[in-house]
Amino acid sequence: MINRRQRFKIEAVKPPKQDPQERVHNFNEVSQPYTPELAMEQAQRCLYCDHAPCSKACPLHNDIPAALFLLGQGDFIGAALKFMETSNLPDVCGRICPQEKQCEGSCVVVPRNPAVCVGKLEAFVIDYVRKNYGYPMREKAAPTGMKVAVVGAGPAGLAVAEELAVRGHEVVVYDMWPYPGGLLLYGIPGFKLNKDIVFSKITYLEQMGIRFVCNYRVGKEHPVEDLFKQGFDLVFLGYGAVKGGEMKVPGEDTLQNVYQATEYLVRGNLSPELLPDVWRNLPDPKPHCTGVTIVIGGGDTAMDCVRTARRLNPGAKVYCVYRRSEVEMPGRYEERINAVEEGVQFEWLTAPVKFIGDDEGKVVAAECIRMRLGAPDAKGRRSPVPIEGSNFIIHCDTVALAIGYSPETAIPETTTNLKTTKWGSVIVESEETGLTTREDLYAAGDNVRGADLVVTAVAAARKAALAMHQKLMAMRDKKCRVLGEPGPSTVVLSTE
Ligand code: SF4
């Protein structure tokens, strides 16, 4: 085995990317995989730190040095299993986590060398094992007879479903979209996350016995109480945050071809069979994309929209309009670079004041105003201040609004005693349990935290699943005592 000094000298190599000129003509993943040999070599750059700051910086506390040690030795299955010990979606997180702010941002080889490419190595090894052997099935505990309904088949819902199913509980997942996956399928474009990964995960969960019920909107149509009437012992709420933010400027909700980011991304990225009827049955399900598209916003969703726009019409012009400067942009640097490489033009320190339509009600321009940075806001980011008289026009035929998401309020509005914040986020006693203001309802993910990362949703969901498992076993114990039947001590239970 090579020593620490030799490991420190291995040159950092990132996996190749599709050429920008080519990739705007397809929706395939931009980042290409490592070869097994290169992955092993790159894993050997890790110094296997005892104190592992990378693991501490990971919301899931993945045992990164142990996984990279196994990968460096060519033990791909061992490395994959190590990542899967603490993560339900390691192949997803390896692709879309902001590693530069988490594991890689804490890597000790920096600044003398570039950080170990933890994310790309994690994605590589899970892909390798999935393609060559299939996801390793987890051992399931004996059936407990307890039933859980999970609302939402996104990252939090999938993680809770898996964690409860391995502990022997019957799990049914309800989702409003035509196919399970939530944000992973309907939010993140295929050029960042190959949809086959999501399909494989759903198949794996179905093989574990989890049932998915799609096109089922819990809330006004199907109140939460109906789930209890069907016999579920507990309900988990993981419906995310899909309500698009409003700019409150004229034209944003009246003109044609002005889209909220969710609609733009779903219609722009997915094949018709995955779309809800309302969009699948349109003469052309794809969003408008003939000439100039403007995307408003500066986060990862805005980058997803501008890059989708380039692919929908590589000959069209695409602008990203953001009200602060590049330094304040909240999205990943890597995504911004990808957008620049693909020819997206940025208008920093700019905000629309109105959208202008033609006689047919179609958007034809955005009137914008230049901004300057003023005093820092509550989060320490400098606030944008309009520069009077700096208005100008950008002619366009399509606009996508990517200015943030908040949770839908239909479920709290129709569920007795379920309390939320004034922003609509479900109140939980702590992220350690996910217990809401009702004893029989748990929640985690974006509907608790507001729009956040996949990895933080999975981390909170795993904690909620453990708390739910303990509650379910206590409920079962009580039921057994009442019925005079043998209690849970007669079955083998996972208590992880
Ligand atoms: Fe390896 Fe960097 Fe983590 Fe140390 S901090 S264990 S070098 S990835």
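This structure is a prediction, so every number in the text was calculated from the model and none was measured.

**A word on a nonpolar patch on the surface**
Thinking step 1. Taken together, the side chains of Ile77, Leu81 and Tyr133 present a nonpolar region at the surface, about 290 Å² in accessible area.
Thinking step 2. The exposure class assigned to Ile77 is partly exposed, which follows from its relative accessible area of 35%.

**Considerations on the site of the ligand**
Thinking step 1. Every residue close to the ligand is listed here: Cys46, Leu47, Cys49, Pro53, Cys54, Pro65, Cys107 and Val108.
Thinking step 2. Here the residues of the shell around the ligand sort into eight nonpolar, no polar and no charged.

**What to know about the packing of aromatic side chains**
What characterises a pair of aromatic rings is the spacing of the ring centres plus the angle enclosed by the ring planes.
Thinking step 1. According to the stated counting rule, one finds 13 aromatic pairs in the structure shown.
Thinking step 2. Judged by centre distance (5.3 Å) and plane angle (55°), the rings of Tyr135 and Tyr204 are tilted. Of the two residues, Tyr135 sits in the loop between α8 (118–133) and β1 (147–151) while Tyr204 sits in helix α11 (residues 195–207), which places them 69 residues apart along the sequence. For the pair Tyr135 and Tyr204, one class covers both residues: buried.
Thinking step 3. Against the face of Phe232 rests Lys147, its NZ or CZ located 4.8 Å from the ring centre.
Thinking step 4. If you follow Arg311 out to its NZ or CZ, it ends over the ring of Phe191, 4.0 Å from the centre.

**Quick word on the nonpolar core**
Thinking step 1. By size, the foremost hydrophobic cluster in this structure holds 88 residues, and its most contacted members are Leu68, Leu71, Leu184, Phe236 and Val454.
Thinking step 2. Apart from residues lying up to four places away in sequence, Val454 is in contact with Leu89, Val92, Cys93, Ile96, Pro155, Leu183, Leu184 and Ile188.

**Brief notes about the sheet that holds strand β2 (residues 170–174)**
Thinking step 1. On the basis of which strands lie adjacent, the open sheet formed by five strands has the order β3-β2-β1-β4-β16 and parallel pairing. At either margin of the open sheet sits one strand with a lone partner, and together these are β3 (211–213) and β16 (441–443). This sheet shows a mean twist of 20° between the axes of neighbouring strands, independent of strand direction.
Thinking step 2. In terms of strand pairing, β1 meets β2 through five bridges, oriented parallel. Across the sheet, residue Ala149 finds its bridge partner in β2, namely Val172.

**Remarks on the packing of helix α5 (residues 64–72) against α8**
Thinking step 1. As a packed pair, α5 and α8 sit with axes 11 Å apart at the nearest point and diverge in direction by 60°. Our classification of the angle between α5 and α8 gives oblique. Here the hand of the crossing between α5 and α8 comes out left-handed. On the side of α5, the interface is formed by Ile64, Leu68 and Leu71, while α8 contributes Val118, Leu121, Phe124 and Val125.
Thinking step 2. Considered class by class, the residues forming the contact of α5 with α8 number seven nonpolar, no polar and no charged.

**Some words on the domain arrangement of the protein chain**
Thinking step 1. Partitioning the protein chain into structural domains gives domain 1 (4–133), domain 2 (147–242 + 406–493) and domain 3 (246–403).
Thinking step 2. On a C-alpha basis, the centres of domain 1 and domain 3 stand 32 Å from each other.
Thinking step 3. Listed by partner, the interface residues are 16 residues for domain 1 and 16 residues for domain 3.
Thinking step 4. Taken over both partners, the interface formed by domain 1 and domain 3 buries close to 1200 Å², and the fraction arising from carbon and sulfur atoms is 45%.
Thinking step 5. Together, Arg23, Val24 and Phe27 form the three largest contributors to the area buried by domain 1 at its contact with domain 3, with a combined 46%.
Thinking step 6. For Glu100, the salt bridge identified is with Arg332, shortest N-O distance 3.1 Å.
Thinking step 7. On inspection of domain 1 and its partner domain 3, the count reaches twelve residue pairs in polar contact (both at pLDDT 80 or more).
Thinking step 8. Among the secondary structure elements, those contributing two or more residues to the side of domain 1 that touches domain 3 are α2 (20–23) and α7 (90–96).
Thinking step 9. Of the residues in the side of domain 1 that touches domain 3, the class split is seven nonpolar, three polar and six charged.

**Looking at the environment of Leu47**
Thinking step 1. Mapped onto the elements of the fold, Leu47 is located in the loop between α3 (36–43) and α4 (53–57).
Thinking step 2. Taking relative accessible area as the criterion, Leu47 reaches 9% and is therefore assigned buried.
Thinking step 3. Here the alpha-carbon distance between Leu47 and Val109, two residues 62 residues apart in the chain, equals 8.1 Å.
Thinking step 4. The contact partners of Leu47, leaving out residues within four places of it in the chain, are Arg4, Arg7, Phe8, Val108 and Val109.

**A few points about the pairing of strand β8 (residues 317–321)**
Thinking step 1. With four of five residues buried, β8 is to be regarded as a mostly interior element.
Thinking step 2. Relative to β8, strand β7 (residues 292–296) runs parallel, the two being bridged by five bridges. If you follow Val295 over to β8, its bridge partner there is Cys320.
Thinking step 3. Crossover handedness for the path β7 to helix α15 (residues 300–312) to β8: right-handed.
Thinking step 4. Sheet analysis places β8 next to strand β9 (residues 345–347), joined by three bridges and oriented parallel. Counted as the bridge partner of Cys320 is Phe346 from β9.
Thinking step 5. The handedness of the β8 to β9 crossover, carried by helix α16 (residues 333–341), is right-handed.

**A few points about the packing of α5 against helix α6 (residues 76–86)**
Thinking step 1. Between α5 and α6, the least distance of the axes is 7 Å, while the angle of their chain directions is 165°. Taken as axis vectors, α5 and α6 run roughly antiparallel relative to one another. For the pair α5 and α6, the sense of crossing is left-handed. Touching Ile64, Ala66, Ala67, Leu68, Leu70 and Leu71 of α5 are Phe76, Gly78, Ala79, Lys82 and Phe83, all from α6.
Thinking step 2. In the contact of α5 with α6, the residues fall into nine nonpolar, one polar and one charged.

Analysis parameters
Residues numbered from 1 in each chain as written. Predicted model: local features only at pLDDT ≥ 70, side-chain atom pairs only at ≥ 80, totals over all residues. Heavy atoms only, no water. Patch = residues over 30% accessible without salt bridge, like charges linked within 9 Å, V, L, I, M, F, W, Y side chains within 5 Å. Areas by Shrake-Rupley, 256 points an atom, 1.4 Å probe, with all protein chains shown as cover. Salt bridge = Lys/Arg side-chain N within 4 Å of Asp/Glu carboxyl O. Buried < 20%, exposed > 50% of the residue type's maximum accessible area, 1.4 Å probe, protein only. Near = heavy atom within 4 Å. Nonpolar A, V, L, I, M, F, W, Y, C, P; charged D, E, K, R; others polar. Phe/Tyr/Trp six-rings, centres within 6.5 Å; stacked < 30°, edge-to-face > 60°. Helix = DSSP H or I, 4+ residues; strand = E, 2+ residues; numbered from the N terminus. Lys NZ or Arg CZ within 6 Å of the ring centre and 35° of its normal. Core = buried A, V, L, I, M, F, W, Y, C linked by side-chain atoms within 4.5 Å. Contact = heavy atoms within 4.5 Å. Pairing = 2+ DSSP bridges. Axes fitted to C-alpha atoms, helices over the stretch in contact; angles between N-to-C directions. Parallel < 35°, antiparallel > 145°, perpendicular 65-115°, else oblique. Left-handed = near helix turned anticlockwise from the far one by under 90°. Domains from an automatic or database assignment. Buried area = accessible area lost by both parts, 1.4 Å probe. Polar contact = N/O pair within 3.5 Å; in protein donor to acceptor, adjacent residues only side chain to side chain. Right-handed = clockwise from strand over helix to strand, strands pointing away.

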